[in-house]
Amino acid sequence: MVLEKIEYFYYPCDNCPERNFKKFKPFLEQIEPHEKIGGNWGRCTCGRRHLDMVVAHILTIMQKEGLKDEKTSLRDVCVPLITPAYPLQTVPYLSRDTLVILSPDVNHQCATRIINEVPEVKGVLKGNIRDTVGLKDSELPSNEYELLAGCDMRCDLVQTPDGPLCIYKHQGEIHIEFPKPVSPKISALIRVMAKYKNPKILDCTCGPGTLGIAALKNGASKVVFNDLWHPAACTTALNLEVNGFPVKLSNLEKGLVAHGESWDVYCLDVKELGTILREKFDICIVDTFPGVDTTIFTDAVQNLCSEIVII
């Protein structure tokens, strides 16, 4: 029922107030001096308020904490990440606990105030969106956003030809993706799957499991998930359960995190897959971080599969 009504979840009611703020103009120049911005500022009787008003409330707290000055615009406050996330045509109106924010400028004291004073915010992360979360290579350090207050668990609703997927993730541990009405990655996967009958698939850089779970929904006979980043492999196991594919957790013997009826989840360096996996696949999915050379991945899996698909 929630999924059927999700596109209306963030729509305003007939009484919701609307104010048009300019994103690049200092916010304080756009309000009256007497306005007191607090938890009920701009809130409708339906309990929701416009995202801009929520961000303005966050900005006011950051200014009081000395982290932002009077010239700060709404554009420079934070990255607002709604949950559940769904591709929207308009700016959302938010209810309680529907927003995780990311900012390089917050500290623990400010984050605690935001959680206590802004009802819509459920989690505050410290970090820069330009810094990709995760582990790009076994020889490189990992990167995470720091959770300063609240909870950073989010859900992305991802549309597929076989119905929506609910992809959960602790946003401080898993890279940020913004759902689209039609996912180019899933479209590419479905096109290549059409060349096979119930293909076996190796998703060697699975992240939170989105593509591999979409493949199972689309009729894959088996999917092996793998990611070098342990939080990603654990998140994949969670999302398999959420989307109707029960798993049993493993003791990490030979990198196996979880397994199920026709799916396994590993946490291995891609270079180890050839020595651990004793089976052949029709398709191998390689979906790496932007700018990462895929050669190491294709070289590692070329003997394991009939076709490699770079997503």
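Bear in mind that the values here come from a model prediction, so they are computed numbers and not experimental data. Note on numbering: residues in each chain are counted from 1, in written sequence order. In keeping with the model being predicted, local features are shown solely for residues with a pLDDT of at least 70 and side-chain atom pairs are shown and tallied solely at 80 or more, while totals for entire chains, interfaces and linings include all residues. Values reported for side chains reflect all heavy atoms of the structure, with hydrogen atoms and water molecules removed beforehand.

1. Re the overall build of the protein chain
Our working rule: Under the scheme used here, helices are H or I runs from DSSP no shorter than 4 residues and strands are E runs no shorter than 2 residues, and both carry numbers assigned from the N terminus. The globule rule used for comparison is 2.2 Å times the number of residues to the exponent 0.38, while the radius of gyration itself is calculated over C-alpha atoms. Relative accessibility thresholds used throughout: buried, under 20% of the residue-type maximum; exposed, over 50%; partly exposed, between the two (1.4 Å probe, protein chains only). Any two residues whose heavy atoms approach within 4.5 Å at even a single point are treated as in contact. Reported accessibility uses the Shrake-Rupley method at a 1.4 Å probe radius. Residues are deemed covered only where the shown protein chains occlude them. Charge counting follows a simple rule: Lys and Arg are positive, Asp and Glu are negative, and His as well as the terminal groups are ignored. Where a charge sits is defined by one atom per residue type, namely NZ (Lys), CZ (Arg), CG (Asp) or CD (Glu).
When helices and strands are tallied, the protein chain shows seven helices and 15 strands. Compactness check: the protein chain gives a C-alpha radius of gyration of 22 Å against a globular reference of 19 Å for 311 residues, within 12% of the reference. With respect to the three principal axes, the spread of C-alpha positions in the protein chain is 70 × 40 × 30 Å. For the protein chain, the residues scored as buried account for 50% of the 311 residues in total. Relative to all contacts within the protein chain whose residues are 6 or more apart in sequence, the contacts with residues 24 or more apart total 61%. Total accessible area on the protein chain stands at roughly 15,100 Å², and carbon and sulfur atoms take up 50% of it. Of the charged side chains in the protein chain, 34 are positive and 40 negative, and the gap between their average positions amounts to 4 Å.

2. Things to note about the side chain of D269
Structurally, the position occupied by D269 is in the loop between β13 (263-266) and α6 (273-276). Given a relative accessible area of 10%, D269 falls into the buried group. Ignoring anything within four residues of it in the chain, the contact list for D269 reads S138 and L228.

3. Thoughts on the layout of surface pockets
Going by this rule: Put simply, the grid is 1 Å and covers the protein atoms alone, a cavity is a trapped set of points that fit a 1.4 Å probe, a pocket is an open set with protein on both sides within 12 Å along at least five of seven lines, and lining residues have an atom within 4 Å of a point. Grid points are joined across faces, edges and corners, and a volume is the space filled by probe spheres set on the points. Gly falls in the polar group here, along with every residue not listed as nonpolar (Ala, Val, Leu, Ile, Met, Phe, Trp, Tyr, Cys, Pro) or charged (Asp, Glu, Lys, Arg).
Its volume calculated, the second largest pocket comes out at about 440 Å³. For the lining of the second largest pocket, the secondary-structure elements that each account for two or more residues are α1 (51-64), β2 (79-82) and β4 (99-103). Ranked by residue count, the leading element in the lining of the second largest pocket is α1, at three residues. Across the lining of the second largest pocket, the residue classes tally to ten nonpolar, three polar and seven charged.

4. Comments concerning the packing of α1 against helix α2 (residues 108-117)
Relative placement of two packed helices is described by the angle separating their axes and the distance separating the axes. Counted only if it meets this: Lines fitted to C-alpha atoms define the axes here, with helix axes fitted over just the stretch in contact, and angles between the N-to-C directions of these axes take values from 0 to 180 degrees. Crossing handedness: left-handed means the near helix sits turned counterclockwise from the far one by under a right angle, and right-handed means the same turn made clockwise.
Following both chains from N to C, one finds α1 and α2 inclined at 145°, their axes separated by 10 Å at the closest point. The handedness of the crossing between α1 and α2 is right-handed. Residues H57, I58, I61, M62 and K64 of α1 form the contact with α2, whose own contacting residues are C110, R113, I114 and E117. Residues of the contact of α1 with α2, tallied by class, amount to five nonpolar, one polar and three charged.

5. Here we look at the environment of C44
Inspection of the secondary structure puts C44 in the segment before β1 (49-50). The class of C44 is buried, set by a relative accessible area of 8%. A sequence separation of 26 residues divides C44 from E70, and the C-alpha atoms of the two residues are 27 Å apart. Those residues in contact with C44 that lie beyond four places of it in its chain are C13, N15, C16 and P17.

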